[in-house]
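# An overview of the molecular structure
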Amino acid sequence: MSAQPKPAAKEEQPEILARGPWTMEQVRAHWREEPFEPAPAHAQAADRAIERLQSRGSPSHDGVAARLVDYKEEENGLTIELQPLRWALRLVAGDASQSLAALCVTRSADGRWLAGRRAEWVASWAGRWALGAGGAVDLGESPAETLVRELKEEWAVKPERVTCEALVRLPHQMVMFVGQAWLAKGAEEEVTPDH
């Protein structure tokens, strides 16, 4: 009797949960009051992850961010239900607890895609090139607002217009709210890189 080979484990792929485009006003966020409570082992994994991040010299600190609880695509937009959760849970390998982050891909006025290299000390995709700015959705914030805030914080620019494009779940259970921003003519020349 010969042993049958085991089927290869199915590799998880990103999943588009909802697809726009929506205007910023068409994205509505509702926040639950009660914070997400992870299992003790998950909280300990987050402790270790934040310690590793800080040992790399990152100024990142643990705080409060958003967790996707539910969403509903409607004819007139997208409604998202969020819940406070510990920021460091996004760093847990294999299970980011449905942490919600925003990514604002950015274009110049003439349509060119603009990219920036992420600092070596950031929590995710350190040292890699990214098409725009991104980060955690802050407590009480709509992910549409996060797009504009992150672009201002990371690139020191204000977009001329923004569309909200998609809600995507990544294989490690982080959810990305993806938007697209266009800068005014000449604005890319004003982008101020930080250290």
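Reference entry: report on the structure contained in this document. (Residues numbered from 1 in each chain as written. Predicted model: local features only at pLDDT ≥ 70, side-chain atom pairs only at ≥ 80, totals over all residues. Heavy atoms only, no water.)

## Description of the overall build of the protein chain
- Helix and strand counts for the protein chain come out as 2 helices and 11 strands.
- Mapped in sequence order, the helices and strands of the protein chain form the string β-β-α-β-β-β-β-β-β-β-α-β-β.
- For the protein chain, the proportion of its 195 residues judged to be buried stands at 44%.
- Total accessible area on the protein chain is roughly 11300 Å²; 52% of this is exposed by carbon and sulfur atoms. (Helix = DSSP H or I, 4+ residues; strand = E, 2+ residues; numbered from the N terminus. Buried < 20%, exposed > 50% of the residue type's maximum accessible area, 1.4 Å probe, protein only. Areas by Shrake-Rupley, 256 points an atom, 1.4 Å probe, with all protein chains shown as cover.)

## Let's talk about the pattern of salt bridges
- Under the counting rule described, the total for this entry stands at 11 salt bridges.
- Between E81 and R32 there is a salt bridge, and its shortest N-O distance comes to 2.6 Å. Within this pair, whereas E81 is found in strand β4 (residues 77–86), its partner R32 is found in the loop between β2 (27–31) and α1 (40–55), the two being separated by 49 residues in sequence.
- When its relative accessible area of 31% is taken as the criterion, R32 is described as partly exposed.
- Two residues, R149 and E141, come together in a salt bridge whose shortest N-O distance is 2.8 Å.
- In this structure, a network of salt bridges that share partners links the residues D138, E141, R149, E150 and E153. (Salt bridge = Lys/Arg side-chain N within 4 Å of Asp/Glu carboxyl O.)

## Here's the deal with helix α2 (residues 143–155)
- The terminal C-alpha atoms of α2 lie 18 Å apart, and with 13 residues this matches the ideal 18 Å at 1.5 Å per residue to within 8%.
- Looking only at α2, the buried set comprises P143, A144, T146, L147, R149, E150, L151 and W155.
- Where α2 terminates, the next one or two residues include A156, which has phi positive at roughly 60°. (Expected span 1.5 Å × (residues − 1).)

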